[in-house]
Amino acid sequence: MSEKKQFYLTTPIYYPSGNLHLGHTYTTVAADALARFKRLSGFEVKFLTGTDEHGQKIQLVAEAKGVTPIQYLDGIMKDIKKLWSDLEISYDDFIRTTEPRHEATVQAAFQKLYDKGDIYKGEYEGYYCTPCESFWTESQLNDGKCPDCGREVHIAKEEAYFFKLSKYQEKLETLFAENPNFLLPVSRKNEMVNNFLKPGLDDLCVSRTTFDWGVKVPFDDKHVVYVWFDAVINYISALGYLSDDEGEFEKFWPADVHLVGKEIVRFHTLIWPAMLMALDLPLPKQVFGHGWILFGNDKMSKSKGNVMYAEPLIDLYGIDTLKYFLLREFSFGSDGSFTPEKFLSRVNSDLANDLGNLVSRTIAMVEKYNGAIMPTPTMTEPIDGELKKLAGDTSMNVEAAMDKLDFSGALESIWKLVSRTNKYIDETTPWILAKDEERKPRLDTVLYNLSESIRIISILIRPFMEKTSNRIWTQLGIEEGHETTWDVVGVWGTLPVGRTVIKGANLFPRLDIEKELIRIEEKNAKFFAEKTGQPVAKPEVAPVEEPEEEEETSMIEYEDFTKVDLRVATIVEAKKHPNADKLLILQVQLGEETRQIVSGIAKYYQPDALVGKQVMVVTNLKPRKLRGEISHGMILAADDEETFTLATVADSIASGTKVW
Ligand code: MSP
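The paragraphs below set out a description of the structure included in this document. The model shown is predicted, which means the values in this text are computed figures rather than measured ones.

**Things to note about the overall build of the chain**
Part 1 of the argument: Along the chain, the regular secondary structure elements total 21 helices and 24 strands.
Part 2 of the argument: If one aligns the C-alpha atoms of the chain with their principal axes, the spans along those axes are about 95 × 70 × 55 Å.
Part 3 of the argument: Here the chain, with 660 residues, has 54% of them falling under the buried criterion.
Part 4 of the argument: Once local pairs closer than 6 in sequence are excluded, the contacts in the chain between residues at least 24 apart make up 74%.
Part 5 of the argument: In the form shown here, the chain has an accessible surface area of approximately 29,600 Å², with 50% of it arising from carbon and sulfur atoms.
Part 6 of the argument: Across the chain, 77 positive and 102 negative side-chain charges occur, with their mean positions spaced 4 Å apart.

Quick look at the structure:
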């Protein structure tokens, strides 16, 4: 017997909060589906999650509550674990950064890098964002505020230890250049390379003295280890790296994939790999930076009141419905907006109409036309071929999609089979066959084929919707066993005959959208009020950020003008911004470089019509984010009340040419 292949996947470790919202569950729900899929398809899986428990913020909150940090954390931990248990997240290990096994590895790794000279002592001065625990340089700030969370920063200065991140600049450049799959989706790679690697990496401050809730630097206990340096080590401390027993580390490292949200890609694809290089360890095979789930058009925020929680949706519709929606509706790499309307309409169309009806119609017909006994198929007709072929292909399509972490694509292929099977009912009209005793063998075959397709579907959906898969097995009269394994998912004819089917309630009853919208709103508001002690505020809708208009013309010096770097760029790609109707996301060629510019021209141009156009671009504007997408420059245009036109060149000229 061959040994199973290992698969190690991780979610980020969460900041402890008793208030995790629907967006927070996204990484973990996706990781869970991947872990279940890998187990089903024969891997030995280690799926790690946990909590990130150090840092000044925790210390301050605990002080304000009059408890010790660990008392505060232990309390909150119950809420997080309960949420994961409500969602039946199948993690294999849960690591807390306050556990001795983690702290010991952090200290040993810190010592190792200090001994090697990759950590040294110096003095740090910079802009510090307390909520994000991040130091920023002036050029990284966004309008003087933290580029990650947009909050105020303050100057902080302290004696500190530094990690020689700059030493790994070249190796990191090679990593990105030679491993196109190291960071996915590709757009995130461009962001890392253009915004961080190209300007050059500075050494990273990795210790703090202004508070003490952290892992002590082993040889200088005035200092605690910087929380991000501490946190990323969880991926190897959980495997026992540098402990007495490194068995798991040897077995599972390097990780197959770290799943992270897009805002923490920098830590996982620059700092963490450099730390691993310094420790002489292999790098994770892949980091996937998924998009955000917005509420309507906005980032979910408790204080703005535009927040949706998972619990009310689970209470009302069950975890399978929620998991299906999250992974089917949104493309994993992009931002997506949650609205109760979208949720309900998908439940009705995909789950109630397509899957629910298919199962209930089929089981009802086996009951009615064959006394609830699974018939033996004896009379195949050519029309069966297409269904059988699609059923066989679907498992391969799902496998290919899951390998790319394309959860939505995997579910879409499964639902093609659901639709094809529903169509087969209409094509074969079992109710007409049932009228003619001579056609009984054909009727039996049709009923068997429908049931067999449902068996295949029940295995394919299992990583996403285990409860539904179990309910289908009960209705088909089968149990977990040979016929439910991945090995036979595509082997037509595996469903045993002669078993008694059991008609159950529709798997997903059709929902009355108007009524359910009210129920969701009420339940969410109640949950919010219980969690926070405040009534839910009316959601605020943030205006689309648009380039500011210059109202007055004032004279400038020639030197001021020369500061503006104007160049001709060629638009090579254009698409709509997923979360802002007015914006287009453009990729423009500037000499050898391609960069992203977000521009408020969606009203005037179809994306396709822009590709190939040469436009004038201000290239040295500080990058800024427009509705979550980085814009690296500005496209010039002219408009009056009637006409809007891009500033372009009279003759074609090399992209990147300077404009005077
Ligand atoms: N503690 C750090 C991670 C350290 S990993 C070494 C952290 N924690 S977090 O609690 O803020 O975020 C945990 C995960 O939730 C991240 O992957 C983050 O991207 C994800 N999400 C939080 N809000 C989200 C949405 N609205 N939508 C999708 N995912 C988002 O970062």
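Back to the text.
**Overview of the pairing of strand 18 (residues 593-599)**
In summary, the side chains of a regular strand alternate between the two faces of the sheet.
Part 1 of the argument: Judged by how many residues are buried, strand 18 sits mostly within the fold: five of seven residues are covered.
Part 2 of the argument: As paired elements, strand 17 (residues 584-590) and strand 18 share seven bridges and run antiparallel to each other. If you follow Leu584 over to strand 18, its bridge partner there is Ser599.
Part 3 of the argument: The hairpin formed by strand 17 and strand 18 contains two residues between the paired strands, and Gly591 there has a positive phi angle of roughly 60 degrees.

**Topic: the packing of helix 17 (residues 440-460) against helix 18 (residues 466-476)**
Packed helix pairs are characterised by how far apart their axes lie and by the angle those axes make with each other.
Part 1 of the argument: The contact between helix 17 and helix 18 brings their axes to 9 Å, and the two run at 155 degrees. Comparing their axes, helix 18 and helix 17 come out roughly antiparallel. You can see that helix 17 and helix 18 cross each other, and the crossing is left-handed. Within the contact between the two elements, helix 17 uses Ser451, Ile454, Arg455 and Ser458 and helix 18 uses Ser469, Ile472, Trp473 and Leu476.
Part 2 of the argument: Classifying every residue of the contact of helix 17 with helix 18 gives four nonpolar, three polar and one charged.

**Concerning the nonpolar core**
Part 1 of the argument: Ranked by internal contacts, the top residues of the largest apolar core, which has 111 residues, are Phe338, Phe343, Phe407, Trp415 and Phe464.
Part 2 of the argument: Ranked by the residues each element gives to this core, the list is headed by helix 13 (residues 340-370), at twelve residues.
Part 3 of the argument: For Phe343, the contacting residues outside a window of four places in its chain are Leu313, Tyr317, Thr321, Leu322, Phe325, Phe338 and Ile520.
Part 4 of the argument: Core analysis: the next-biggest nonpolar cluster, separate from the first, contains 59 residues, Ile95, Tyr241, Met275 and Ala278 among them.

**Remarks on the site of the ligand**
Part 1 of the argument: Neighbouring the ligand are 24 residues; Ile13, Asp52, Gly261, Glu263 and Ile293 lie closest to it.
Part 2 of the argument: Between the ligand and Gly23, the relevant distance is 3.1 Å, taken from a nitrogen atom to a main-chain nitrogen or oxygen of the residue.
Part 3 of the argument: For the ligand, a nitrogen atom lies 2.7 Å from a polar atom in the side chain of Asp52.
Part 4 of the argument: Here the ligand has 670 Å² of accessible area as a free molecule, and 95% of this is covered by the chains.
Part 5 of the argument: Listed by contribution, the elements that provide at least two residues to the shell around the ligand are strand 1 (6-14), helix 1 (22-40), helix 7 (227-232), helix 8 (234-237) and strand 11 (257-261).
Part 6 of the argument: The element best represented in the shell around the ligand is helix 1, accounting for four residues.
Part 7 of the argument: Per-class residue counts for the shell around the ligand are 13 nonpolar, nine polar and two charged.

**Topic: the sheet that holds strand 5 (residues 134-136)**
Part 1 of the argument: With antiparallel pairing, four strands are arranged side by side in an open sheet as 5-4-6-8. Two strands bound the open sheet, and with one partner strand each, they are strand 5 and strand 8 (204-205).
Part 2 of the argument: Sheet strands touched by helix 10 (residues 265-278): strand 5, strand 6 (154-163) and strand 8. Its angle to strand 6, the strand with the most contacts, is close to 30 degrees.

**Some remarks on unusual backbone geometry**
Part 1 of the argument: Residue Pro185 is bonded to the preceding Leu184 through a cis peptide linkage, with omega at -10 degrees.
Part 2 of the argument: As for its position among the elements, Pro185 is in the loop between strand 7 (183-184) and helix 6 (186-197).
Part 3 of the argument: Here Trp253 and Pro254 are connected by a cis peptide whose omega angle stands at 5 degrees.
Part 4 of the argument: One can find Pro254 in the loop between helix 9 (247-252) and strand 11.
Part 5 of the argument: Residue Leu242 is not a glycine yet carries a positive backbone phi of 60 degrees.
Part 6 of the argument: Locating Leu242 in the fold gives a position in the loop between helix 8 and helix 9.

**Let's talk about the packing of helix 6 against helix 10**
Part 1 of the argument: Between helix 6 and helix 10, the least distance of the axes is 11 Å, while the angle of their chain directions is 65 degrees. For the element pair helix 6 and helix 10, the recorded crossing hand is right-handed. Taking contact as the criterion, the partners of Arg188, Met192, Phe196 and Leu197 in helix 6 are, on helix 10, Val265, Arg266, Thr269 and Leu270.
Part 2 of the argument: Residues belonging to the contact of helix 6 with helix 10 are distributed by class as follows: five nonpolar, one polar and two charged.

**Comments concerning the packing of aromatic side chains**
Part 1 of the argument: A complete count under the given rule lists 35 aromatic pairs for this structure.
Part 2 of the argument: Taking 6.0 Å as the distance between ring centres and 40 degrees as the angle between the ring planes, the aromatic pair formed by Phe110 and Phe219 counts as tilted. Here Phe219 lies in the loop between strand 9 (207-208) and strand 10 (224-225) and Phe110 lies in helix 4 (residues 100-116), a separation of 109 residues in the sequence.
Part 3 of the argument: Of the residues examined, Phe110 reaches a relative accessible area of 0% and is grouped as buried.
Part 4 of the argument: Ring centres 6.3 Å apart and planes at 45 degrees place the aromatic pair Tyr309 and Phe528 in the tilted group. Taken together, the residues span a long stretch of sequence, with Tyr309 in the loop between strand 14 (298-299) and helix 11 (310-317) and Phe528 in helix 19 (residues 513-532) at a distance of 219 residues. Neither residue differs from the other here; Tyr309 and Phe528 are each classed as buried.
Part 5 of the argument: Among the aromatic residues, those joined into a cluster by ring pairs are Tyr26, Phe288, Phe295, Tyr317, Phe325, Phe330, Phe332, Phe338, Phe343 and Phe407.
Part 6 of the argument: Between Lys81 and the ring centre of Phe94, over which it is positioned, the NZ or CZ distance is 4.6 Å.

What counts and what doesn't
- Residues numbered from 1 in each chain as written.
- Predicted model: local features only at pLDDT ≥ 70, side-chain atom pairs only at ≥ 80, totals over all residues.
- Heavy atoms only, no water.
- Helix = DSSP H or I, 4+ residues; strand = E, 2+ residues; numbered from the N terminus.
- Buried < 20%, exposed > 50% of the residue type's maximum accessible area, 1.4 Å probe, protein only.
- Contact = heavy atoms within 4.5 Å.
- Areas by Shrake-Rupley, 256 points an atom, 1.4 Å probe, with all protein chains shown as cover.
- Lys, Arg positive; Asp, Glu negative; His and termini not counted.
- Charge placed at Lys NZ, Arg CZ, Asp CG, Glu CD.
- Pairing = 2+ DSSP bridges.
- Axes fitted to C-alpha atoms, helices over the stretch in contact; angles between N-to-C directions.
- Parallel < 35°, antiparallel > 145°, perpendicular 65-115°, else oblique.
- Left-handed = near helix turned anticlockwise from the far one by under 90°.
- Nonpolar A, V, L, I, M, F, W, Y, C, P; charged D, E, K, R; others polar.
- Core = buried A, V, L, I, M, F, W, Y, C linked by side-chain atoms within 4.5 Å.
- Near = heavy atom within 4 Å.
- Polar contact = N/O pair within 3.5 Å; in protein donor to acceptor, adjacent residues only side chain to side chain.
- Phe/Tyr/Trp six-rings, centres within 6.5 Å; stacked < 30°, edge-to-face > 60°.
- Lys NZ or Arg CZ within 6 Å of the ring centre and 35° of its normal.

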